[in-house]
Each structure stands twice: as structure tokens, then as C-alpha cells.
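# Structural description and commentary
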Amino acid sequence: MGVKDYDSKTKAKAAAHELQDLGKQLAKLSLPTLRALELPERLYDAFEVLSRTRGNEGTRRQMQYIGKLMRLVDAEPIAARLGLLNNSSQASKELFKQCERWRDELLNPTLTDEALGRFCADYATAKHDELRAMVTTALFEKTEGKPPKHARLLFRAVQNIVTA
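The rules we used
Residues numbered from 1 in each chain as written. Predicted model: local features only at pLDDT ≥ 70, side-chain atom pairs only at ≥ 80, totals over all residues. Heavy atoms only, no water. Helix = DSSP H or I, 4+ residues; strand = E, 2+ residues; numbered from the N terminus. Buried < 20%, exposed > 50% of the residue type's maximum accessible area, 1.4 Å probe, protein only. Lys, Arg positive; Asp, Glu negative; His and termini not counted. Salt bridge = Lys/Arg side-chain N within 4 Å of Asp/Glu carboxyl O. Polar contact = N/O pair within 3.5 Å; in protein donor to acceptor, adjacent residues only side chain to side chain. Contact = heavy atoms within 4.5 Å. Axes fitted to C-alpha atoms, helices over the stretch in contact; angles between N-to-C directions. Parallel < 35°, antiparallel > 145°, perpendicular 65-115°, else oblique. Left-handed = near helix turned anticlockwise from the far one by under 90°. Nonpolar A, V, L, I, M, F, W, Y, C, P; charged D, E, K, R; others polar. Core = buried A, V, L, I, M, F, W, Y, C linked by side-chain atoms within 4.5 Å.

### With respect to the side chain of Glu 141
Within the secondary structure, Glu 141 sits in helix H7 (residues 128-143). Lys 149 is the oppositely charged side chain nearest to the buried, salt-bridge-free Glu 141, at an N-O distance of 6.9 Å. Of note is the side chain of Glu 141, whose polar atom sits 3.2 Å from the backbone nitrogen of Lys 149.

### Considering the environment of Gln 20
Positionally, Gln 20 belongs in helix H1 (residues 9-27). Each C-alpha atom, one on Gln 20 and one on Gly 58, is 16 Å from the other, the two residues being 38 residues apart in sequence. Residues within four places of Gln 20 in sequence aside, it is in contact with Met 63 and Gln 64.

### Digging into the packing of H1 against helix H4 (residues 56-72)
For the pair H1 and H4, the least separation of the axes is 9 Å and the interaxial angle reads 120°. Comparing their axes, H4 and H1 come out oblique. The way H1 lies across H4 gives a crossing that is right-handed. Of H4, the residues touching H1 (which contributes Ala 16, Leu 19, Gln 20, Leu 22, Gly 23, Lys 24, Leu 26 and Ala 27) are Met 63, Gln 64, Ile 66, Met 70 and Arg 71. Split by residue class, the contact of H1 with H4 holds eight nonpolar, three polar and two charged.

### Quick word on the pattern of salt bridges
Overall, the coordinates contain six salt bridges when judged by the stated rule. Residues Arg 60 and Glu 57 are paired through a salt bridge, measuring 2.6 Å at the closest nitrogen-oxygen approach. Of this pair, Arg 60 and Glu 57 both sit in helix H4, three residues apart, which is roughly one turn of that helix. One connected set of salt bridges, linked through shared partners, spans Glu 105, Glu 114 and Arg 118.

### Remarks on the nonpolar core
Counting 20 residues, the largest nonpolar core has Phe 119, Leu 131 and Val 158 as its most contacted members. Per-element tally for this core: the top contributor is helix H8 (residues 149-163), with six residues. With residues up to four places along the chain from it excluded, the contact list for Phe 119 reads Trp 102, Ala 126, Leu 131, Val 158, Ile 161 and Val 162. Residues Leu 19, Leu 37, Ile 66 and Ile 78 belong to the second largest nonpolar core, which totals 18 residues.

### Notes on the environment of Ala 115
When you line up the elements, Ala 115 lands in helix H6 (residues 112-122). On the basis of relative accessibility, which here comes to 0%, the residue Ala 115 falls in the buried class. When near neighbours in sequence (up to four residues on either side) are disregarded, Ala 115 contacts Trp 102, Glu 105 and Leu 106.

Following this line, the structure appears as C-alpha cells:
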């Protein structure tokens with residue numbers, strides 16, 4: 001009797017569950033995003049069928065099939081590309097939150113001057129006078145109870161400056 005050159009049944013099942021979890025993460029993505037991940041054609045086709053599948057039992061069976069296909073392909077590059085996609089998505093969310101914080105600080109009447117000075121110091125491309133005019137208009141709009149059109153414009157301006 002020789003030593004077996006494969007993992008235990010427990011390790012094999014754990015690996016299969018990991019691949020099935022990766023398949024579940026991929027199933028949440030849109031078809032164009034999946035296409036961008038450069039999945040093998042059979043796997044992409046399985047996700048395409050899943051997107052058209054209605055009903056719990058059909059979805060469950062299609063996910064099992066996707067899990068089977070995941071065991072047949074090299075999942076590491078797929079997981080790496082998915083990780084990059086998630087990280088870029090997380091980074092864009094953080095950037096959006098940062099822009100929202102700047103807008104909120106700029107529209108706080110007690111902090112406007114200080115926040116405007118810090119923002120212009122942090123971002124050299126920011127034009128103090130233009131931002132001051134936008135903040136003043138947005139604050140006036142807020143006190144008048146009008147829709148926040150200029151606050152949105154200020155947010156876009158802040159976003160353009162931060163991402164430049």
C-alpha cells in the first residue's frame with residue numbers, strides 16, 4: 001500500500017465549497033462585468049443561463065452546475081480579477097464618501113471659511129473664488145428651502161477636483 005497523492009475528503013469538500021462560494025459571488029455580477037472578467041466560455045454561458053432562470057429549484061440546480069464547472073477551471077485568476085474589481089469598487093466608494101464629507105463641510109455655515117481654506121490647500125487645482133461662489137449660492141438655496149441644485153453642482157466640482 002502506498003501513500004495516496006490526493007487530499008483528504010474533507011479538504012476536497014472544503015475546496016469545492018470555496019469554489020461554489022466564488023461562483024455565488026460571480027452570480028451577483030452583471031453579464032457585462034462577467035464578460036470583462038474573461039471567464040472561460042462554458043462558465044460564462046452557465047452564468048448567462050442562470051440570469052434567465054426563474055424559480056428556486058432551477059436556480060439551485062444551475063448554481064450546482066456552476067460549482068461543477070468552477071472545479072474544472074483554474075479559479076485563482078478568476079478570484080484575483082474579482083478581488084481587483086471589488087477593490088476598485090471599494091476605492092470608488094471611499095472616494096465618493098470623501099467628496100461627500102468635503103461638500104458637507106463646505107456647506108456647514110460655521111465651518112465654511114476654514115473648510116474652504118483646507119480644501120484649497122489640499123488640492124492645488126481648486127479655485128478659491130469659484131468654490132466660494134458655489135458655496136454661497138448653495139447655502140442661499142438651502143436657507144430658501146429650494147431644491148439642492150447648486151449643492152449637487154458643488155459636489156460635482158469637488159469630485160472633479162479630488163479625482164484630477
